[in-house]
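# Structure assessment
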Amino acid sequence: MSRKKDQRDHSAARRRLAKERRWTYTDWHPERMQLCAAPLGVDAEKARALDAVSGTLDGHWFSVFDCVTDDPSATRTVYLVQLPAVLPLVAVSRHSLAVDTMVPLLKRLVTERPDRDLYEIGDLAYDANHVVESVDLEVAARLLTPAVRELADDRRWLQWQVEGGYLVYAEPPGSRREQDDSHTILTELRSLVDLVEAMDPGLWGEAAGAAPGVGEGRAAAEMEMETEGNPGDAEGGSADAVPPAVPDTVPRAVSDAVPTAGAEPGPRPGSGPSAMFRGGPAHTGVYPKGTLPAGFEAWSVRLPDAVVAAPVVCAGTVYVNCSDGRCYALDAVTGAARWSFDAVGALKETPAVADGTVYVVGQSGVLHALDAADGQERWRQRVGHSGAPVVADGLLHLVHHPANLLRDASRIRALDAATGEERWARRLPDGSAAAAAVADGRVYVQGARAQLTAFDAVSGEELWHQGSTAAQLSCCTPSVAGGMVCAGTGAGRLYAYDAATGQQRWGAQAAGVVDSTPALAEGLVFVGDSHSGVYAMDGNDGGLLWHLPDRYGASSPAICGSSGWIVGTKYGRGLFKISLSTGVVLWRHALDGRGTGPVHADGVVYVGTHAGTVLAVDAETGRKPVRARRRMRV
């Protein structure tokens, strides 16, 4: 009974995904199985394609379904993305953890097949190898462009095949219950569509006049299936349509900055207000004072999925990234929705707003530049899985997060904030799980092993580097103020360095991991850790001034004037106002789930929760929303 219920839940989840995205759904599709049986190494007559979701993404037809066999443990989620032209077989594997084991084995298996050739390219510094099995070496070499290899660097393991007119990718086997995550599907799908667009456009030749890889017989069979209907369409889904014909133009590469059709260039740098992670590019956590907006009443809005990154507030609008893959713009006074943008793939980093543009980067690895007024996309750029975007002096800075933080290296990019054009890119000495901090013409990045590096913001020249051999993962984004840069480590240490020279000024020890970005205000340093609460320290020598204990840890405060606001208690379900001079709690507010870092704007404190709630309360009183203004839905 439990297995049948899991199957029903899984099918229902796929139907919901199709309905939400306006894609099509069918519960059984033998034609899909015939397309990918050979690449998967299964018998098309014995395997079944279940719960198929199909549609178009960026002009590419796709289908996602489950390949189910008699062995439940061998169930795999399969992705088909249509190529602009038919190509000979190419199978690609990318490995970062098994260079000395799996790669030699794969190479031996390929060379044992007389009809196959081997094409190999790798980067030992990245500890990565790309092994290509192909019947056409020239095509293999042209498919494995630098853009494709860069796209694959976001993953420890990637295996995909070109089979006729389709790109075929299958996830590792597992139970169907484990494959219900819509976020995973959307993220993988975006990556595969980007993979197609990053391949050598010269392979596609002239625009074709019919759907590649789909013969007349196959198209007719699919048309026949549509007219017959099937029981899986009861919840609003429909049978899949025939893949559309290839567009009249060559697909635009997402690796290039692609302006949206009809979009006007955004305002030039310096022409509007800005807001981003921890208040600004230096991430001090300090917010300007302001008066409570006229007519403001506390409110909370319920979004469709978890909010795991702090919102930002700019010019009367709250911008929130949600795990459902959408960026929401809410009225700061009422909570009413103004617009939403679907980025396809979970959004788990704080957006940045500058000069009338909202910058959003998701787990799909695509950076979107949106018009702050209406959410229309201005341009996009593939940057890989990255930390929160940071905008300063007309440049957008992004730190790439590799799949293996402790083994693979990271990169930092500087893009033109108005166009997305890359100005410079530098490789970091190690992996990074943080965002960049920018102040006084310098960019600071902390690595996964607590190495700290400073670059010139305009040229990208490395100015100084503080090495480290720490074994614990460090995820803290630095903060900069008063000529000092501060960063915490996975070992519970907080360090302060001279921002110009990199010389260490002092170090202090906390009881837990310091992943939250320190707050810097008027010569004081405030930081929360994972196990003991909030600390206030003297910025000159790191001396402890006070400690607000919380055995469950706490966030670093959002600061305005003499007060601060933190999220803490068990599971991070409490919002607190504290005195910065003494650490005394002034009021507290219960949250409905683990809270993000708090944000202050115009006398209001905003916080998101993992339950999908965005809460806005009077910063002075913390008064709860009245019943009519609680959990309004978007």
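Residues numbered from 1 in each chain as written. Predicted model: local features only at pLDDT ≥ 70, side-chain atom pairs only at ≥ 80, totals over all residues. Heavy atoms only, no water.

It is worth spelling out the overall build of the chain at this point. What the chain contains, in helices and strands, is 7 helices and 42 strands. Residues classed as buried in the chain amount to 58% of the 634 residues present. For the chain, contacts bridging at least 24 residues in sequence account for 56% of all contacts bridging at least 6. As presented, the chain carries roughly 25400 Å² of accessible surface, and 50% of it is formed by carbon and sulfur atoms. (Helix = DSSP H or I, 4+ residues; strand = E, 2+ residues; numbered from the N terminus. Buried < 20%, exposed > 50% of the residue type's maximum accessible area, 1.4 Å probe, protein only. Contact = heavy atoms within 4.5 Å. Areas by Shrake-Rupley, 256 points an atom, 1.4 Å probe, with all protein chains shown as cover.)

With that settled, the discussion passes to the layout of surface pockets. Size it by volume and the largest pocket reaches roughly 1100 Å³. The wall of the largest pocket is formed by 47 residues, among which F277, V308, D515, S516 and G597 lie closest to the centre. In terms of residue class, the lining of the largest pocket is built from 21 nonpolar, 19 polar and 7 charged. (1 Å grid on protein atoms, 1.4 Å probe; cavity = no way out; pocket = protein on both sides within 12 Å on 5 of 7 lines; lining within 4 Å. Points joined across faces, edges and corners; volume = space filled by probe spheres on them. Nonpolar A, V, L, I, M, F, W, Y, C, P; charged D, E, K, R; others polar.)

What follows deals with the sheet that holds strand β21 (residues 411-416). The 4 strands are arranged β19-β20-β21-β22 in an open sheet whose pairing can be described as antiparallel. Each edge of the sheet is formed by a strand with only one pairing partner; in this case those strands are β19 (390-392) and β22 (422-427). Neighbouring strand axes in the sheet, compared pairwise and without regard to direction, differ in orientation by 20° on average. Here β19 pairs with strand β20 (residues 395-399) via 3 bridges, running antiparallel. Each bridged residue has a counterpart across the sheet, and for V391 the counterpart in β20 is L396. (Pairing = 2+ DSSP bridges. Axes fitted to C-alpha atoms, helices over the stretch in contact; angles between N-to-C directions.)

By size, the foremost hydrophobic cluster in this structure holds 38 residues, and its most contacted members are W160 and L167. Broken down by secondary-structure element, the contributors of at least two residues to this core are α1 (2-21), β2 (48-57), β3 (60-68), β4 (76-95), α4 (137-143), α5 (146-152), β7 (157-170) and α6 (182-198). If we skip the residues at most four places from it in the chain, W160 touches V90, A91, V92, V148, L167, V168, Y169, L195 and M199. A414, L428, A436 and F455 belong to the second largest nonpolar core, which has 27 residues in total. (Core = buried A, V, L, I, M, F, W, Y, C linked by side-chain atoms within 4.5 Å.)

Our focus in this paragraph is the environment of G202. Within the secondary structure, G202 is located in the loop between α6 and α7 (216-228). Accessibility expressed as a relative area gives 45% for G202, which makes it partly exposed. Sequence separation between G202 and L143 is 59 residues, and the spatial gap between their C-alpha atoms is 9.9 Å.

With that settled, the discussion passes to the pairing of strand β13 (residues 326-331). Among the 6 residues in β13, 6 count as buried, and that is most of the element. Burial along β13 is two-sided: the face carrying R326, Y328 and L330 and the face carrying C327, A329 and D331 are both buried. Across 5 bridges, the pairing between strand β12 (residues 317-321) and β13 is antiparallel. Bridging from a neighbouring strand, Y319 pairs with A329 of β13. Connecting β12 to the antiparallel partner β13 that follows it, the hairpin turn spans 4 residues, and G325 within it adopts a positive phi of roughly 90°. Relative to strand β14 (residues 337-342), β13 runs antiparallel, the two being bridged by 5 bridges.

On to the pairing of strand β25 (residues 452-456), then. Of all 5 residues that make up β25, 4 are buried, and the element is covered over most of its length. As judged from the 5 bridges shared by strand β24 (residues 442-446) and β25, these two strands associate in the antiparallel manner. Across the sheet, residue V445 finds its bridge partner in β25, namely T453. Hairpin connection of β24 to β25: 5 residues between the antiparallel strands, including A450 at a positive phi of 70°. Sheet topology places β25 next to strand β26 (residues 462-466); 4 bridges connect them, and they run antiparallel. Bridging from a neighbouring strand, F455 pairs with E462 of β26. Following β25, the chain reverses through 5 residues before pairing antiparallel with β26; G460 in that reversal takes a positive phi of roughly 85°.

A few words on the pattern of salt bridges. Under the defined criterion, the tally for this structure stands at 15 salt bridges. Here D66 and R14 are joined by a salt bridge, their closest N and O atoms 2.9 Å apart. With a gap of 52 residues between them, D66 in strand β3 and R14 in helix α1 connect regions that are remote in the sequence. Judged by relative accessible area, which is 0%, D66 ranks as buried. For R14, a relative accessible area of 3% corresponds to the buried category. Through salt bridges with shared partners, a single ionic network connects D58, R190, E377 and R380. (Salt bridge = Lys/Arg side-chain N within 4 Å of Asp/Glu carboxyl O.)

In this model α6 runs 24 Å from its N-terminal to its C-terminal C-alpha over 17 residues, within 8% of the 24 Å that 1.5 Å per residue would give. Counting buried positions along α6 yields 15 of 17 residues, so the element is predominantly enclosed. (Expected span 1.5 Å × (residues − 1).)

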